[in-house]
Amino acid sequence: MANSSHTPLSIDRLYRVCDPLQFTFNTTDEIADLEQIIGQDRALDAVSFGTGINREGYNLFVMGPPGMGKHTVLQQVLEQRVKNRPMPPDLCYVNDFARPYRPNALVLPPGVGNKLRQDMAQLIETLRLSIPAAFESEAYREKVQEIENEIKEAEENHFFDLQKECLDDSVKLFRTPSGFTFAPLQDGKVIGPAEFQALPKQQQETIEKTVSTLQDKLENMLHKLAELKKAGREKIKTLNREVTIFAVGHSISELQKAYSELPDVLEYLDAAQQDVIENVNDFRRQEEATPNIFGLESNRPSFSRYEVNVLVSHDAPNGIPLIYEDFPTYQNLVGRIEHSSHLGTLITDFTLIKPGALHRANGGYLLVDARKILTQPFAWEGLKRALQSHSISIMSLGQVYSLVSTVSLEPEPIPLEVKVILVGERILYYLLCELDPEFSELFKVAADFEEHMPWTDDNTQLYARLVATLARKDKLSPLDQGGVARVIEESARMVEDSEKISTHIRSINDLLKEADYWSRERGQQVIQAQDVQKAVDLQRHRLSRYHERLLEEIARGTILINTTDQAVGQVNGLTVIQMGSHAFGQPARITATVRMGDGDVVDIEREVELSGPIHSKGVLILSSYLSSYYSHNVPLSLAATIAFEQSYAHVDGDSASVAELCTILSALAGIPLRQSIALTGSVNQLGQAQAIGGVNEKIEGYFEVCRAKGLDGGGQAVIIPQANASHLMLNAEVRAAVNEGKFAVYTMTTINDALEILTGMPAGIRGEDGEFPEGTVNYAIDERLKDFAHTKHTYAEKLKEEEHEQHEQQEGQAVKDTSAGVNQRTEC
């Protein structure tokens, strides 16, 4: 039996019961919904501040484990903030007619973007009808004919004058398909080459001189005719311009009046008007497009350059955007430039610019999952660049990193004013603070969501409202008083604390859904405590295959765990195995051997690199405790080895350090430890037991082993640190065994408490004389260490004497050898 000075915990300390009678409702249908999430006052204050302050760098990082209801809280807070706020401007891209590769950005009042797009589309349709009609009018044709006649008349007059002059000089001017030519005349008739050669030489020279002079005059006439034609074309071009301005001006002026208060739009309309005038022939073409050899239309003019690409339009009068980007790639954030295939070539223009989440959230709020954006290449850098420059620049990654050399667009950056809210785990926040120097400048507000809240009477009533709200939200059956009480108890188990309850909304919601299923399976319309309990039991059962296999192997003796008898240097430690979302306790046999040495404690797990750093730290701490607590006047002449038997996986954590220390002390004292009692806890250098995690799983895991091997009527028990007593929320089976006296839970504050419970002997405290009382565990340990020290000292002295004797023998032999050498020389 355990030392009588140590009393096991009473059953009321093993589990905190939520009294159903404290609730005044019959079912949760009678309870009003919660208006906001509970237990998150700090986080709510931070969210309210971060979303409200409108200063540079005050973006928000909302941190906490997944399933805490962070998105729900943000949605509720932001929906209130975006109401009755003026809409941000529309964002558009239009063609830069002078530089088509660099489209211009237009920032317009809300709703104007779509209106401008419609107006421009209507304008082009109007011009496609009015311009051809203007050029087909009788007045236009008469003016063109007048110009053409004027040119033709001038041409004929010049030609007539030259012809007359040629005749006066007996030369004929001919107009041929290839141009003009001269031929000499004699008696009014053209003479041929043979006749020309028969003329006197002097006459030939005179004719040639005359033709040369006339040739110069012909060239001068042709130059004048070219100038006349050029002037005619200019007149027609001027006429076309006047006609175009007449056809376009009225429509454009109407638009200019409509957008008179928007200088950027007026500038764009002026540029569009100038482009229409310069490319008026595109509007005059009325023939149908003809397909080329590829079956594609080849000669139809394109009017897409006059379109307005509306990236973001806000038609509602009030309310700013609230955007959640669930796939935050680089292009989904900052936008992209798409391409179309034409005759095997990829082409693009400003109409293929597509917006990103930053465009849609501009002037409002953008929610992004931190882990997702950090795992997308270049997305994090793209977001930071936009926030730092206060603008959105759309560039392809190939263009940014010079991976491609094709000609692409360079859209004008769009001004950015947005509040970015990142949602992620705490580790991501702290890693970004540590590793990214720009992060703290851009995200100055952190909202930290708490996983639990105090279990008080007021919070119990609020929790009941939370349960009612969640049930109604998912259209679940209402819960009665017992069902709500059981949910609250299980929420305390989730956080492993009888003084706190969980605020992990997803876990509570899942529990309610499963309880609702089992309630309906029973044909009930109300969720009761038994439904909640069945949901809890089956959640664990679905994931307990591996746990059950381990229990089976322990029961069969394959895994050696002794839950009866006593043994020296051996104890049952308690571990927790985490497999996905399921955790269960598993006892582990810990053994130790001791011998005379130099004060070293060898951890076999650490030697074979199966030990984590925290476990290794625990071993070093217990080594320090041994040397400081026992070896006051003599050196610690101990060599100890500890091991987790039949452990073939990685071991970490210091929760076994109390058990490891007890095995070493048992081996030193030669006093057996009760194998029916398992223990867990970490120890510090002063021998104090410290709290550990997973205490409920550890106790329940050992209880299941004891039950599988057979309960011995009260001998089996566990020892836990006193600091863990408030964390106990043990299941009904353990509590029933404790109530029947078949199982017990002890607490300890120091290593001496554990030794007394395990050995049934007093541990002993060092007296004023520096010695431990006889008949105590520590006395036996101290005596064994003194014996080690004395033996080691005696052995060391013996070695010194032997070395001294050996040294003297070697010196005597050297003298003899020297004397023998002298005698030999004398005889010679």
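Note that this is a predicted model, so its numbers are computed, not measured. As a convention, each chain's residues are numbered from 1 in the sequence order in which they are written. Whole-chain, interface and lining totals are the exception, using all residues; otherwise, since this is a predicted model, local features are given only for residues with pLDDT of at least 70 and side-chain atom pairs are given and counted only at 80 or more. Side-chain figures throughout are based on the complete set of non-hydrogen atoms in the structure, without hydrogens or water.

Caption draft 1: The arrangement of the layout of surface pockets in detail. Space inside the largest pocket adds up to approximately 1500 Å³. The pocket and cavity definitions rest on a 1 Å grid over protein atoms only: a 1.4 Å probe that fits but cannot leave marks a cavity, an open set with protein on both sides within 12 Å along at least five of seven lines marks a pocket, and residues lining either have an atom within 4 Å of a point. Surrounding the largest pocket, 50 residues form its lining, Glu-490, Arg-493, Gln-539, Arg-540 and His-582 being those nearest its centre. A run of H or I in DSSP becomes a helix once it reaches four residues, and a run of E becomes a strand once it reaches two; helices and strands are each numbered from the N terminus. For the lining of the largest pocket, the elements supplying multiple residues, two or more each, are α17 (481-494), α18 (505-521), α19 (529-542), α20 (545-556), β21 (570-579), β22 (582-596), α24 (695-709) and α25 (732-739). The element contributing the most residues to the lining of the largest pocket is α19, with seven residues. Across the lining of the largest pocket, the residue classes tally to 14 nonpolar, 17 polar and 19 charged. Grid points are joined across faces, edges and corners, and a volume is the space filled by probe spheres set on the points. Note on residue classes: Ala, Val, Leu, Ile, Met, Phe, Trp, Tyr, Cys and Pro are nonpolar, Asp, Glu, Lys and Arg are charged, and everything else, Gly too, is polar.

Caption draft 2: Looking closely at the sheet that holds strand β24 (residues 638-644). Strands pair, by our definition, only if DSSP identifies at least two bridges between them. Reading across from one edge, β23-β24-β22-β21-β26-β29-β30 is the order of the seven strands in this open sheet, with mixed pairing throughout. Each having just a single partner strand, β23 (600-603) and β30 (744-748) make up the two edges of the open sheet. Between one strand axis and the next, the sheet turns through 30 degrees on average, direction left out of account. Sheet topology places β23 next to β24; four bridges connect them, and they run parallel. What sits directly across from Asp-603, in β24, is Ile-642. Inter-axis angles, ranging from 0 to 180 degrees, are taken between N-to-C directions of lines fitted to C-alpha atoms, where helices are fitted over the stretch in contact.

Caption draft 3: Structural view of the pattern of salt bridges. The rule for a salt bridge is simple: a side-chain nitrogen of Lys or Arg has to be within 4 Å of a carboxyl oxygen of Asp or Glu. Tallied over the full model, the rule gives 32 salt bridges. A salt bridge links Glu-338 to Arg-336; the nearest nitrogen and oxygen atoms lie 3.1 Å apart. Between buried and exposed lies partly exposed: a residue is buried under 20% and exposed over 50% of the maximum accessible area for its type, with that area taken using a 1.4 Å probe on protein chains only. Residue class for Glu-338 comes out partly exposed when judged on its relative accessible area of 29%. Classification of Arg-336 as partly exposed rests on a relative accessible area of 28%. Residue Arg-493 pairs with Glu-700 through a salt bridge whose shortest N-O separation is 2.6 Å.

Caption draft 4: Main features of the packing of aromatic side chains. For Phe, Tyr and Trp, where Trp contributes only its six-membered ring, two rings pair if their centres lie within 6.5 Å, and the inter-plane angle classes them as stacked under 30 degrees, edge-to-face over 60, or tilted in between. For the structure on display, the rule yields 22 aromatic pairs. Ring geometry for Phe-97 and Tyr-268: centres 6.0 Å apart, planes at 15 degrees, overall stacked. Pair noted here: Phe-97 is in the loop between β2 (90-94) and β3 (104-108) and Tyr-268 is in helix α7 (residues 263-278), with a separation of 171 residues, a long-range link. By the burial criterion, Phe-97 is buried, and Tyr-268 matches it. In textbook terms, an aromatic cluster arises when at least three aromatic residues are bridged by ring pairs, as seen for Phe-61, Trp-380, Tyr-429, Tyr-430, Phe-439 and Phe-443. Ring-over charges, as used throughout, are those where CZ of Arg or NZ of Lys falls within 6 Å of the ring centre and within 35 degrees of the ring normal. In this arrangement the basic side chain of Arg-16 is found over the ring face of Trp-455, its NZ or CZ atom lying 4.0 Å from the centre. Seen from the ring of Tyr-15, Arg-735 lies directly overhead, with NZ or CZ sitting 3.8 Å from the centre.

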